[in-house]
Amino acid sequence: MFNLRLLSTLPLSIKRLARPRRHKDAAQKNQISVQTAIGIFDIMYIILEGLDNKDVASCALVCRDWAAIVHEVMWRGRSDSGVGIRPILGLLPEYYEESRNARFRVAPNPASWDRFNTPEYAGRISVLDLNIQNLRCTIGFLAVMSDSIKSPMHLPALNELHVTVCQDPVEFRIAMAFFSANVTHFVANIERGYPSATGHFSNQLDPHTSTVPTASPLDAFFDAVHQCMPHIRVLTVNVRDSEAMVDAFDPFVDMLCGLKELITLSLPPYMLGLSLVTALSTHQQLRNIVVIRQDPTRRTVMDSDDSYGIVTQPIFGPDELSTRLAELAVVVPADSFIPFFSHQFDPHNLTQLDLTFTGEIAVSNSLRTALFLIADRCGSLENLTVSLLQSCDNPWRLDYAALEPLRKCERLVSLVFTTRFTTDLDNNKFEDLVSHWPMLKHLILDGSDVVPASPDERLSLCLGTVMKIIRKHCPLLLKLQLHLSMVLQRHWFMDCTHFRCINSLTSVTLVMGSPATTPVSQIAVYLKWVLPPNCKLNYFPAVHDLSPRARLVEWKARRNAVVAFSQKLTRILAKLNCGVEPSQ
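A quick note: this is a predicted structure, and the numbers were derived from the prediction, not measured.

Another point: the overall build of the protein. When helices and strands are tallied, the protein shows 20 helices and 17 strands. Counted over contacts in the protein with a minimum sequence separation of 6, partners at least 24 positions apart contribute 79%.

Here you go:
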């Protein structure tokens, strides 16, 4: 628990001061209080700052003097890295915890916050994380807490604020009490509220008025953000309730337009419709519109609680959008993207584009036209992410014909496609594509949940050839995720150029689509040689979780073969990592 080596280097007189008191009376007679000892706080701080939070918390159990020092040490460390709601409540004399549940002995009052509102505490905080959802308390606890806060907190050093609340007026009032005009980075995670049977938001504290319709608390919250924190430059808003956001869309846009210094805006996919992008076209400082994704490698376009209410809203705004954007994330129907990108938007300054198509794209020609527009109009493009769905009734695979226009984007650093079905490329066409992207660092052409389009699907993109092409044309590549067959060139082990290590790689994910003809043991040895020691390797079979009813026998046979290959590869790689030579 305690760093004895550090303690052993201190003078004997100081070590005596640091010893815990074994008996109250003896301590009062023979020892000097640690709190009153000159310089002991700084010495204890040097010792305790080398411990992790768990060990520091254990030191607080030694005695009251140590507990007081540990409290100050943890506050001193939290001020820059982030102070949570529990340490703040810990300064209130009425607060205590029971099995990690927040409690009050008696109701706090405005004077209870005096200790927090001092330069030693509130005056030091630069990063604040108000996760009210993690308090584990009752609605009554929050109401009492809210009533005790009569005026906004004074947080002169605060520049980064994180808030996690649900759509409840009480939780919003608590969060807004900590708003500060100095904040430049603001993150708001907002869960669903407590709707009544009539569909209106209700006051859970008063059952007599719980069915009285009230306005959405989001409106007042967005207005307070604009009024109390006008200097926000980086804003993240994740409202996990698309229906409420449809109602609060206009106040939300008013808030964004009122934040004159806003540079970066991050939102969930359902909020990134053309209507929002158009509404922000006159913003003078906005440069980056970013999408929040749970898992960027998966095919899912919209989260489970999303609706298309905002995405499909009519577009009102100027004929030509702002040309100042450097980063844009937009969710758009495929049939609306082409006129938008052709006539309503000037993307020549874009360096990053995250494009999500809503609905299913029936044929690859639509995608090819969109990518042609992107390659033709985005001369500065460095990062491109495309998420789309293909129709299950008429399956098609991402192929060279669709990707060919992107050869013009020679400045690409990152290229990510998430689709429903596996990619269809051969070795020659793959080399023709990547040879035009010498700066490439991230290449993902298949998501982690892709499936084959047919049980007869065979791949011509081979593991050994792909690695050779990457080594030749992409010397900076860090991350690779591809659908390929686990096949090596014949007699690959006789030519050292085939298995020379690609030192730049840090992450490789292989989507295995068909049984390999190369022995599994050779593939395991090859991967061990060609990938650097610090490279993270993942591989999984591209199979349906539930096989389609049509051609069920063929689907099951394919699945069994690929899964068996994957399991055998796992066992052999585990032996190699343990220094055991695999058998043929």
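Moving on from the model shown.
Overall, the coordinates contain 15 aromatic pairs when judged by the stated rule. For the pair Tyr95 and Phe104, a centre-to-centre distance of 6.2 Å together with 75° between the ring planes defines the contact as edge-to-face. On the basis of an interplanar angle of 80° and a centroid distance of 5.7 Å, the ring pair of Phe179 and Phe186 is categorised as edge-to-face. Accessibility assignment for this pair places Phe179 and Phe186 in one class, buried. Here the aromatic cluster, defined as three or more aromatic residues joined through ring pairs, consists of Phe172, Phe179, Phe186, Phe221, Phe222 and Phe252.

Attention now goes to the nonpolar core. Counting 151 residues, the largest nonpolar core has Phe116, Phe178, Phe186 and Leu569 as the members making the most contacts within it. Counting nine residues, the second-largest nonpolar core is a separate cluster that includes Leu48, Leu51, Cys59 and Val70.

With that settled, the discussion passes to the packing of helix H9 (residues 169-176) against helix H10 (residues 217-228). One way to put it is that H9 packs onto H10 with a least axis distance of 10 Å and a crossing angle of 5°. With respect to each other, H9 and H10 are oriented roughly parallel. Across the interface between the two elements, Pro169, Phe172 and Met176 from H9 touch Pro217, Leu218, Ala220, Phe221 and Ala224 from H10. Its residues assigned to classes, the contact of H9 with H10 comprises eight nonpolar, no polar and no charged.

Summing up the model confidence of the protein, the mean pLDDT is 79 and the portion of residues at 70 or higher is 78%. A low-confidence stretch, residues 1-38 stays under pLDDT 50, and its non-local contacts, those more than four residues away or across chains, total 40 contacts. Counting interchain partners and residues more than four positions distant, the pLDDT-below-50 stretch residues 195-213 has 26 contacts.

As a further point, take the pattern of salt bridges. Taken as a whole, this structure holds 12 salt bridges when the rule is applied. Between Glu98 and Arg103 there is a salt bridge; the shortest N-O distance is 4.0 Å. Glu98 gets classed as partly exposed once you look at its relative accessible area, which sits at 43%. Assessed through its relative accessible area of 27%, Arg103 is described here as partly exposed.

Right, let's get into the pairing of strand E9 (residues 288-291). Here strand E8 (residues 264-267) pairs with E9 via four bridges, running parallel. Looking across to E9, one finds that Ser266 is bridged to Val290. For the crossover that starts at E8, traverses helix H13 (residues 274-279) and ends in the parallel E9, the hand is right-handed.

Turning to its location among the elements, His483 is positioned in strand E15 (residues 479-484). Residue His483 is classed as buried on the basis of its relative accessible area of 2%. Contacts of His483, omitting those with residues within four sequence positions, involve Arg397, Thr422, Thr423, Asp446, Glu457, Leu459, Leu461, Val511, Met512, Gly513 and Ala542.

Next up on the list: the state of the cysteines. What we call a disulfide is simply a covalent bond connecting the sulfur atoms of a pair of cysteines. In total, this model carries zero disulfides according to the counting rule given. Cysteine Cys378 shares no disulfide, and the gap to the nearest cysteine sulfur, in Cys409, comes to 7.3 Å. Take Cys535: it sits in no disulfide, and the sulfur closest to it among the cysteines is that of Cys501, at 8.5 Å. Cys535 gets classed as buried once you look at its relative accessible area, which sits at 12%.

Glancing now at H9. Turning to H9, its buried residues number three or more, namely Val170, Glu171, Phe172, Ile174 and Ala175. Where H9 is buried, its residues meet strand E4 (127-131), helix H8 (139-148), strand E5 (160-166), strand E6 (185-191) and H10. With a side-chain oxygen lying 3.1 Å from the backbone nitrogen of Val170, the N-terminal cap of H9 falls on Asp168.

The subject of this paragraph is the side chain of Thr385. Structurally, Thr385 can be placed in strand E12 (residues 383-390). If sequence neighbours within four positions are ignored, Thr385 has contacts with Leu353, Asp354, Leu355 and Val416.

Attention now goes to the packing of helix H17 (residues 427-434) against helix H18 (residues 463-473). Closest axis-to-axis distance for the H17/H18 pair is 10 Å, and the angle between their directions is 20°. Between H17 and H18, the angle is such that the two are roughly parallel. At the point where H17 passes H18, the crossing takes the right-handed sense. Between H17 and H18, the residues in contact are Asn427, Phe430, Glu431 and Val434 and Thr465, Val466, Ile469, Ile470, Lys472 and His473, respectively. A breakdown of the residues in the contact of H17 with H18 according to their chemical character gives five nonpolar, three polar and two charged.

Inspection of the secondary structure puts Ile523 in helix H19 (residues 520-530). For the pair Ile523 and Leu569, spaced 46 residues apart in sequence, the C-alpha separation works out to 8.0 Å.

Position of Asn288 among the secondary structure elements: in strand E9. Each C-alpha atom, one on Asn288 and one on Arg324, is 9.1 Å from the other, the two residues being 36 residues apart in sequence. In terms of polar contacts, Asn288 uses its side chain to reach the side chain of Thr264, at 3.0 Å.

Turning our eyes to something else, we now look at H10. Here H10 contains 12 residues, and its C-alpha end-to-end distance of 16 Å stays within 8% of the 16 Å for a straight helix at 1.5 Å per residue. Considered for burial, the residues of H10 that qualify are Pro217, Leu218, Phe221, Phe222, Ala224 and Val225. The buried side chains of H10 occupy one side of the element, clustering within an arc of 160° when seen end-on. On its buried face, H10 sits against H9, E6, strand E7 (234-239), helix H11 (242-247) and helix H12 (249-258).

Thresholds, definitions, all that
- Residues numbered from 1 in each chain as written.
- Predicted model: local features only at pLDDT ≥ 70, side-chain atom pairs only at ≥ 80, totals over all residues.
- Heavy atoms only, no water.
- Helix = DSSP H or I, 4+ residues; strand = E, 2+ residues; numbered from the N terminus.
- Contact = heavy atoms within 4.5 Å.
- Phe/Tyr/Trp six-rings, centres within 6.5 Å; stacked < 30°, edge-to-face > 60°.
- Buried < 20%, exposed > 50% of the residue type's maximum accessible area, 1.4 Å probe, protein only.
- Core = buried A, V, L, I, M, F, W, Y, C linked by side-chain atoms within 4.5 Å.
- Axes fitted to C-alpha atoms, helices over the stretch in contact; angles between N-to-C directions.
- Parallel < 35°, antiparallel > 145°, perpendicular 65-115°, else oblique.
- Nonpolar A, V, L, I, M, F, W, Y, C, P; charged D, E, K, R; others polar.
- pLDDT = per-residue confidence, 0-100.
- Salt bridge = Lys/Arg side-chain N within 4 Å of Asp/Glu carboxyl O.
- Pairing = 2+ DSSP bridges.
- Right-handed = clockwise from strand over helix to strand, strands pointing away.
- Disulfide = S-S within 2.5 Å.
- Polar contact = N/O pair within 3.5 Å; in protein donor to acceptor, adjacent residues only side chain to side chain.
- Left-handed = near helix turned anticlockwise from the far one by under 90°.
- Expected span 1.5 Å × (residues − 1).
- Arc of directions from axis to C-beta.

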